[in-house]
Amino acid sequence: MKKIFATIALIALSLSAFAQKSDFAPSWYGYVKGGVGYTVGETTDNNLITPGAALGLGYQMSPVFGLRGDLSGIQGKGYLPAYDEGYAFNYGQLSLDATLDIRNLLGGYKQRVLSPYLLAGIGGNLRFNNSEVNAGHLRAEDYYWDKATVSPAGRAGIGIDINVTENLAIVAEVATNLLSDGFNSKNGGAESKFDHQYQALVGLKFAFGKKKVAAPEPEPAPVVKEEPKPEPKPVVLPPAPKPEPKPVVTPPAPPAPRCSCRADGCPAGAGGYFRRSY
């Protein structure tokens, strides 16, 4: 039980890691499938179910569109209700199919775990080994054939890829093949001008030759040019006020000394304060 849980956890981790990748690269792929086929006939029983298989090679050219060559077949069956007889024969069909990825078309490219797709194609169908049918039990208007016969074929279908890793997927597909009337040796009359053969197949798909997309180089950081800073303007100080001149104060002249001498003996202007000495 522990091994089962460990296996489930490992698958879940690989699917989660795969879904996170988103770089598309064109690639080739191949597949092999097996399952069952059903040839539409005059009975609703399961006795017209036959084994089927397919293998192919394709090229996924874009996230949405791809082309592939498909080789399918093994066995078809017919039924004679008047005799309650069934008979088998072999066939192989080679087709050129175009595929369209639905999710990438509607939601843009992304690597997803589930990738449903549509297919349509044309090709050729080779039927052979019709030895089981009793030709005597066929109607006159039926198309009995006992030699290998080639006829054109058209096909359409729908499928889904369950991506396990980037290069490995589990694929399931249901398709219908539109074939010429007489594929099963019967004439469908006015009700049907074609025979139909359905396929339900499951298998593995392998991608190879995928070119790795180089990671984009990081954009260089933008260069920010520093604008030159304006030079600071010189600060012009107003001129200092000139000091006002101090007034010149002339000291008063000292008073003239008085002369105490006699008037006739004093010098002129002495005022008589000086006395003459004898």
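These numbers come from a predicted model, not from an experiment.

Visitor: Could you clarify how one ought to interpret the packing of aromatic side chains in this entry?
Guide: Applying the stated criterion across every chain, the model contains six aromatic pairs. Centre to centre, the rings of Tyr 29 and Tyr 31 are 6.4 Å apart; their planes meet at 25°, and the pair counts as stacked. Of the two residues, Tyr 29 and Tyr 31, neither departs from the other in class, the shared state being buried. A centroid spacing of 5.8 Å and a plane angle of 85° characterise the contact between Phe 89 and Trp 145, whose relative ring orientation is edge-to-face. Placement of Phe 89 in strand 4 (residues 85-101) and of Trp 145 in the loop between strand 5 (114-128) and strand 6 (149-163) is noted, with a sequence separation of 56 residues between them. For Phe 89, a relative accessible area of 1% corresponds to the buried category. One aromatic cluster is present, built from ring pairs that chain together Phe 89, Tyr 91, Trp 145 and Phe 183. The ring of Tyr 29 has Lys 205 sitting right over it, with the charged end atom 4.2 Å from the ring centre.

Visitor: Quick question: what am I supposed to make of the sheet that holds strand 2 (residues 49-60) here?
Guide: Note: strands within a sheet are paired through backbone hydrogen bonds, in either parallel or antiparallel orientation. Taken in spatial order, the eight strands of this closed barrel run 1-2-3-4-5-6-7-8, and their pairing is antiparallel. Neighbour to neighbour, the strand axes of the sheet diverge by 25° on average, direction disregarded. Of the strand pairs in this sheet, strand 1 (residues 27-39) and strand 8 (residues 194-208) are connected by 12 bridges, and their pairing is antiparallel. Opposite Tyr 31, over in strand 8, you have Lys 205 as the bridge partner.

Visitor: Got a minute to help me understand the pairing of strand 7 (residues 168-180) in this structure?
Guide: Remember that side chains alternate between the two faces of the sheet whenever the strand is regular. With 11 bridges connecting them, strand 6 and strand 7 associate as antiparallel partners. Counterpart to Gly 157 in the pairing with strand 7 is Ala 175. Where strand 7 and strand 8 come together, 13 bridges link them in antiparallel fashion. Paired with Leu 168 across the two strands is Phe 206, which belongs to strand 8.

Visitor: Could you clarify how one ought to interpret the side chain of Asn 104 in this entry?
Guide: For Asn 104, the location among the structural elements is in helix 2 (residues 102-107). Residue classification places Asn 104 among the buried residues on the basis of a relative accessible area of 8%. A distance of 2.7 Å separates a polar side-chain atom of Asn 104 from the backbone oxygen of Pro 63. Aside from chain neighbours lying at most four places away, what touches Asn 104 is Pro 63, Val 64, Tyr 109, Lys 110 and Arg 112.

Visitor: Explain a nonpolar patch on the surface here, please?
Guide: A contiguous nonpolar surface patch, about 840 Å² in accessible area, is contributed by Val 32, Leu 55, Leu 71, Leu 94, Leu 114, Ile 162, Ile 170, Val 202, Leu 204 and Phe 206. With three residues, the top contributor of residues to the nonpolar patch is strand 8. Structurally, the position occupied by Val 32 is in strand 1. Since its relative accessible area comes to 46%, Val 32 is described here as partly exposed.

Visitor: Explain the side chain of Gln 197 here, please?
Guide: Looking at the secondary structure, you find Gln 197 in strand 8. A distance of 3.1 Å separates the side chain of Gln 197 from the side chain of Tyr 91, its partner in a polar contact. In this view, Gln 197 contacts Gly 37, Tyr 38, Thr 39, Thr 50, Gln 75, Tyr 91, Ala 175, Thr 176, Asn 177, Leu 179 and Phe 183; residues no more than four positions away in its chain are not counted.

Visitor: Mind showing me how you'd approach the pattern of salt bridges here?
Guide: Here the idea is simple: oppositely charged side chains can pair when their charged atoms come close. Counted according to the given criterion, the structure contains seven salt bridges. Residue Glu 173 pairs with Lys 33 through a salt bridge whose shortest N-O separation is 3.1 Å. Taken together, the positions of Glu 173 in strand 7 and Lys 33 in strand 1 put the pair 140 residues apart, joining distant regions of the chain. The exposure classification of Glu 173 matches that of Lys 33, with both residues buried. Residue Asp 97 pairs with Arg 68 through a salt bridge whose shortest N-O separation is 3.1 Å. In this pair, Asp 97 is assigned in strand 4 and Arg 68 in strand 3 (residues 65-80), connecting sequence segments 29 residues apart. In this structure, Asp 97 and Arg 68 share a single accessibility class: buried. Where salt bridges share partners, they join Lys 33, Arg 68, Asp 70, Asp 97, Arg 155 and Glu 173 into one cluster.

About the criteria used
- Residues numbered from 1 in each chain as written.
- Predicted model: local features only at pLDDT ≥ 70, side-chain atom pairs only at ≥ 80, totals over all residues.
- Heavy atoms only, no water.
- Phe/Tyr/Trp six-rings, centres within 6.5 Å; stacked < 30°, edge-to-face > 60°.
- Buried < 20%, exposed > 50% of the residue type's maximum accessible area, 1.4 Å probe, protein only.
- Helix = DSSP H or I, 4+ residues; strand = E, 2+ residues; numbered from the N terminus.
- Lys NZ or Arg CZ within 6 Å of the ring centre and 35° of its normal.
- Pairing = 2+ DSSP bridges.
- Axes fitted to C-alpha atoms, helices over the stretch in contact; angles between N-to-C directions.
- Polar contact = N/O pair within 3.5 Å; in protein donor to acceptor, adjacent residues only side chain to side chain.
- Contact = heavy atoms within 4.5 Å.
- Patch = residues over 30% accessible without salt bridge, like charges linked within 9 Å, V, L, I, M, F, W, Y side chains within 5 Å.
- Areas by Shrake-Rupley, 256 points an atom, 1.4 Å probe, with all protein chains shown as cover.
- Salt bridge = Lys/Arg side-chain N within 4 Å of Asp/Glu carboxyl O.

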